[in-house]
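# Coordinate analysis (summary)
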Amino acid sequence: MKKILKNSIVNIPNTSTHESIFVVEVLSWEPKDQNDVEVIFLSDLLEQRKNHEMLEKAQSKPASYSNVYSPKDELEIFTELFNNAINNHKRIHIVWVTLKEEIEMLENYYHELWFFNNDINCYTCDFSKALVTVSCKIENIMWRGSDYKRMWKEIFFNPPIRESWQVKALFKWINRWVIAWIYINTQIRDNISVVPTRIQNFLQQQIIEENILALTLWRVLKYNLDEVWIIGKTLEIKSQY
């Protein structure tokens, strides 16, 4: 078995080197536990702009659910949060971004901080020095707009699942190390926090298909948040490769 660390993958002592298993750590945390950075959930602010007319329409045309919490509203909220943080030199972590336009705004800011590394053609961000960092919700990369027809209310989330090109953009900026973290809502089983099986299977698939490299994936599940100064409990999961 192998364990994925921040910058390396190492063999676990007293285990077979022939086992195709990664042992990885996932950070589970609560906003109320954070002292050094303000955590803001976009879903809370989007709920105040919920379009009930579109929600009713989505009962017969599920693809319209994305506009129950419209991209326009989300971008307006994000832009206001971003500008306020920069102008007032305030550290914030925005959870559950879904839009390419939001991450492009953040990428330009990280470029100004000289985080871009020409040698590897992506960003090596020191998140401890960034005023604004972001997470995306794992459900927002597991599905895309075309899945509404098949899954209906099962994926009626806030923030909503966006179109495939928006999902593709999230993958791009995970791999370019601009998105700091992937948010996973853990479950409680026998008084222990665990990562749901469906999510573990999805993460395993990303490694096998190389949609996200192993080192990159586990950075955005735990290690980047150490730099953001977000604290929480560490969970271990195992993944075949």
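The sections below set out a description of the structure shown in this document. Residue positions are counted from 1 within each chain, in the order its sequence is given. Whole-chain, interface and lining totals are the exception, using all residues; otherwise, since this is a predicted model, local features are given only for residues with pLDDT of at least 70 and side-chain atom pairs are given and counted only at 80 or more. Each side-chain value is worked out from all heavy atoms of the structure, with water and hydrogens disregarded.

### Points about the pairing of strand S8 (residues 132–137)
- Here's how the labels work: a residue is buried when its accessible area is under 20% of the maximum for its type, exposed when over 50%, partly exposed in between, all with a 1.4 Å probe on protein chains only. The helix and strand labels rest on DSSP assignments: H or I over at least four residues marks a helix, E over at least two residues marks a strand, and numbering proceeds from the N terminus. Counted residue by residue, S8 has 6 buried out of 6 residues, so it is predominantly covered.
- Residues Val-132, Val-134 and Cys-136 point to one face of S8 and Thr-133, Ser-135 and Lys-137 to the other, with burial holding for every one of them.
- Strands qualify as paired when DSSP identifies two bridges or more between them. Note that strand S5 (residues 92–95) and S8 share 4 bridges and pair parallel. The residue bridging Val-95 from the neighbouring strand is Ser-135, located in S8.
- Two strands pair when backbone bridges link them, and S8 and strand S9 (residues 181–183) are joined in this way by 3 bridges, in the parallel orientation. By the bridge assignment for S9, Cys-136 is matched with Ile-182.

### With respect to the environment of Lys-100
- Within the element layout of this structure, Lys-100 appears in helix H4 (residues 100–112).
- The partly exposed category is assigned to Lys-100, whose relative accessible area is 30%.
- By the convention used here, residues are in contact when the closest approach between their heavy atoms is within 4.5 Å. Those residues in contact with Lys-100 that sit more than four places away from it in its chain are Trp-165, Gln-166, Ala-169 and Trp-173.

### What about the packing of aromatic side chains?
- Whether two aromatic rings pair depends on their centres lying within 6.5 Å, for rings of Phe, Tyr and Trp, where Trp uses its six-membered ring; planes under 30 degrees apart make the pair stacked, over 60 edge-to-face, and the rest tilted. For the coordinates displayed, the defined rule picks out 15 aromatic pairs.
- Ring geometry for Trp-181 and Tyr-183: centres 5.7 Å apart, planes at 90 degrees, overall edge-to-face.
- Overall, Trp-181 belongs to the buried group, its relative accessible area being 1%.
- By relative accessible area, Tyr-183 is classed as buried at 13%.
- Through pairs of rings, three or more aromatic residues link up here, namely Phe-78, Phe-82, Tyr-109, Tyr-110, Phe-115 and Phe-127.
- The ring centre of Trp-96 lies 4.3 Å from the NZ or CZ of Lys-137, which sits over that ring.
- The positively charged end of Arg-219 is found above the aromatic ring belonging to Trp-177, 4.6 Å away from the centroid. Only when the NZ of Lys or the CZ of Arg is both within 6 Å of the ring centre and within 35 degrees of the ring normal is a charge said to sit over the ring.

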